[in-house]
Amino acid sequence: MFKKILIANRGEIAVRIIRACKELGITTVAVYSKADEDALHKELANEAICIGDALPKDSYLNIENIISAACLSGCDAIHPGFGFLSENPQFARMVEKCGLTFIGPNAETMEKMGNKTEAVQLMIDSGVPVVPGSHKDVNLEEGLACAEEIGYPVLIKAAAGGGGKGIRLVEDKESFTRLFNEAKEEALKFFSNDELYIEKYIKHPKHIEVQVMCDKHGNAIHLFERNCSLQRRNQKMVEEAPCISISADLKAKLYDSALKACKAAKYDSVGTIEFLVDGSENYYFIEMNTRIQVEHCVTESVTNIDLVKNMIKIAYGLPLQYKQSDIKLYGHAIECRINAEDTENDFRPNPGKITFINTPGGMGVRIDSAVYPGYTIPPYYDSMILKVICFAKTRLECIRKMRQALEELIVDGVKTTVEFNYVLLHHPDFILGHYDTSFIEGFIGELKENAKLVQ
Ligand code: ADP
């Protein structure tokens, strides 16, 4: 097994990976920016190395500094976590070139699946359904012609996109040119790649994703699905497993397609295949995430399998420890992402000092966090400060457990999404499982209306 791993990340995911390494008997090296002198991941790792200034480009995205830190500290592998360099094939290649192991899929697969149009082509060739659209990069004229052909509304999407960036919904021909140029600019800014493609806009879809685990010996299994339809501006807020609002028939098709996708991509790590499902249970591949995801914890809860530890073992070259028939589904899990944001001010990030925090506990309550009392959240990074994951035998019990956990969760000093999540968990449509990706927007509208009534 690896002796020493560098974790090229920060926040709760860095803490999560450090824990997995410790359980495997692996020494850990944290890297941190000058803004993260007081960060928990720095304290919990066996060693910590400062890799630069606060801005991500100077530290957590600084390939040279990170790889130098790994080499100088005698690491044999690097775990990238999620975000930052986790889906950057140049980084993965450079890590391997320097004689270290990249804990993730092979760079070629990552590159192929990271380009969404290439990934879609691969899925078409493998018989996996995809959303109608251009399926290739288009210029303005080609985009307009494609939109005309498939019919409005359409989505303009960035080929190199991620995190909901570079996406525009176009309702009619008149606004196409303006939104196309906007998306191009945003894509260039966020991904240094302005290639765009067109997709039919699927109305009121559910976002259902399948967790997969594949090794370097051609074995591939799935670990069921997650329902990640509770999103604001294409970014997930609450996730649950399993999904109660699709048929067993459809689930079987999704698992089958996910495994086909892995085979076609020659995938060799843990990963996720994302699908959209419409009201008639038509389903469409949208993308593959070639990394561990924020919401991996709900799958860990319902399968009782540690995805991060398995990811490390796979990268080391070990064959999968499980056959498909070993993977069982126990109970129900829900995850609430807690962000330091002002929900009454368009969810604007609200960094600052946490003067007091009380985290919930008890059976079936898991907190993945990187904050503590007196910790100052720096303004340079993602606003997610912790995740609450609840697990229970039934969904209803799980909802009750999560409500209780959120009642116990007190964060003073900064504004957070705790209360927003709490109210959401009482909404009749959430309780019934009647929600799709447009639900949160409507819910926010309802909250605003209610606030008016109170005033
Ligand atoms: P990103 O990589 O930026 O997260 P995705 O392709 O995964 O982008 O899409 C993010 C979200 O945007 C989806 O979960 C879904 O809510 C919405 N979305 C994406 N494609 C479509 C589509 N063709 N029709 C309707 N909604 C879509």
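Residues numbered from 1 in each chain as written. Predicted model: local features only at pLDDT ≥ 70, side-chain atom pairs only at ≥ 80, totals over all residues. Heavy atoms only, no water.

Topic: the nonpolar core
Side chains of a nonpolar character, in soluble globular proteins, are inclined to be buried together. Counting 59 residues, the largest nonpolar core has M213, I273, F275, F285 and I312 as the members making the most contacts within it. Ranked by the residues each element gives to this core, the list is headed by helix 9 (residues 248–265), at 7 residues. Mapped onto the domain boundaries, this core takes at least three residues apiece from domain 1 (4–103) and domain 3 (206–454). With sequence-adjacent residues up to four places away left out, F275 is seen in contact with V128, K206, H207, I208, V210, L254, S257, A258, Y283, Y284, F285 and I286. Counting 37 residues, the second largest nonpolar core, distinct from the first, contains C390, A392, M402 and I444. (Core = buried A, V, L, I, M, F, W, Y, C linked by side-chain atoms within 4.5 Å. Buried < 20%, exposed > 50% of the residue type's maximum accessible area, 1.4 Å probe, protein only. Helix = DSSP H or I, 4+ residues; strand = E, 2+ residues; numbered from the N terminus. Domains from an automatic or database assignment. Contact = heavy atoms within 4.5 Å.)

A few points about the sheet that holds strand 5 (residues 101–102)
Strand order across the open sheet formed by 5 strands is 3-2-1-4-5, with parallel pairing between neighbours. Bordering the open sheet on either side are strand 3 (47–52) and strand 5, each of which pairs with just one other strand. For strand 1 (residues 4–7) and strand 4 (residues 77–79), the ladder comprises 3 bridges, and the chain directions are parallel. When the bridges of strand 4 are listed, L6 appears paired with I78. In the packing of helix 3 (residues 63–72) onto the sheet, contacts are made with strand 1, strand 2 (27–33), strand 3 and strand 4, and the angle to strand 3 comes to roughly 155°. (Pairing = 2+ DSSP bridges. Axes fitted to C-alpha atoms, helices over the stretch in contact; angles between N-to-C directions.)

Remarks on the packing of aromatic side chains
Note on aromatic pairs: each is described by the distance of the centres and the angle between the planes. For the structure shown, the criterion picks out 15 aromatic pairs. On the basis of an interplanar angle of 75° and a centroid distance of 5.8 Å, the ring pair of F275 and Y283 is categorised as edge-to-face. Across the pair, exposure class does not vary: F275 and Y283 are buried alike. Here F439 and F443 contribute two aromatic rings whose centre-to-centre distance is 6.1 Å and whose plane-to-plane angle is 10°, an arrangement assigned as stacked. One end of the pair, F439, and the other, F443, are both in helix 15 (residues 439–454), 4 residues apart, so they sit about a helical turn from each other. By the burial criterion, F439 is buried, and F443 matches it. By the ring-pair criterion, three or more aromatic residues cluster together here, those being F347, F420, F430, Y435, F439 and F443. Between the NZ or CZ atom of K165 and the centre of the ring of F190, over which it lies, the distance is 5.4 Å. Here R395 stacks its cationic end above the ring of F430, 4.9 Å away from the centre of that ring. (Phe/Tyr/Trp six-rings, centres within 6.5 Å; stacked < 30°, edge-to-face > 60°. Lys NZ or Arg CZ within 6 Å of the ring centre and 35° of its normal.)

A short note on the environment of A160
Secondary-structure assignment places A160 in the loop between strand 6 (154–158) and strand 7 (168–170). By relative accessible area, A160 is classed as partly exposed at 25%. For the pair A160 and I314, spaced 154 residues apart in sequence, the C-alpha separation works out to 26 Å. The residues touching A160, leaving out its near neighbours within four places in the chain, are G114, F191 and N193.

Describing unusual backbone geometry
Comment: phi is negative for the bulk of residues other than glycine, and the bulk of peptide bonds are trans. A cis geometry characterises the amide bond from Y152 onward to P153, with omega recorded as -5°. P242 follows A241 through a cis peptide bond whose omega is -5°. Of note, P242 is situated in the loop between strand 11 (235–241) and helix 9. Look at H204: it is not a glycine, yet its phi comes out positive at around 45°. Relative to the elements of secondary structure, H204 occurs in the loop between strand 8 (196–200) and strand 9 (206–214).

Overview of the layout of surface pockets
Estimates place the volume of the second largest pocket at around 170 Å³. Lining the second largest pocket, in full, are C214, D215, K216, H217, G218, N219, A220, C262, K263, K266, Y267 and D268. Here the residues of the lining of the second largest pocket are counted per class, giving 4 nonpolar, 3 polar and 5 charged. (1 Å grid on protein atoms, 1.4 Å probe; cavity = no way out; pocket = protein on both sides within 12 Å on 5 of 7 lines; lining within 4 Å. Points joined across faces, edges and corners; volume = space filled by probe spheres on them. Nonpolar A, V, L, I, M, F, W, Y, C, P; charged D, E, K, R; others polar.)

Topic: the domain arrangement of the chain
The parts lose accessible area when they come together, and the size of an interface is often stated as this lost area. Domain assignment breaks the chain into domain 1 (4–103), domain 2 (132–200) and domain 3 (206–454). Between the C-alpha centres of domain 2 and domain 3 there is a distance of 27 Å. Each partner contributes residues to the interface: domain 2 has 7 residues there, and domain 3 has 4 residues. The interface formed by domain 2 and domain 3 holds 0 salt bridges in total. Our enumeration of links across domain 2 and domain 3 arrives at 0 residue pairs in polar contact (both at pLDDT 80 or more). Here the side of domain 2 that touches domain 3 is composed, by residue class, of 2 nonpolar, 2 polar and 3 charged. (Salt bridge = Lys/Arg side-chain N within 4 Å of Asp/Glu carboxyl O. Polar contact = N/O pair within 3.5 Å; in protein donor to acceptor, adjacent residues only side chain to side chain.)

Some details on the state of the cysteines
Counting across every chain of the model gives 0 disulfides. Here C21 stays unpaired: no disulfide links it, and the sulfur of C75, its closest cysteine neighbor, is 9.5 Å away. For C21, a relative accessible area of 0% corresponds to the buried category. (Disulfide = S-S within 2.5 Å.)

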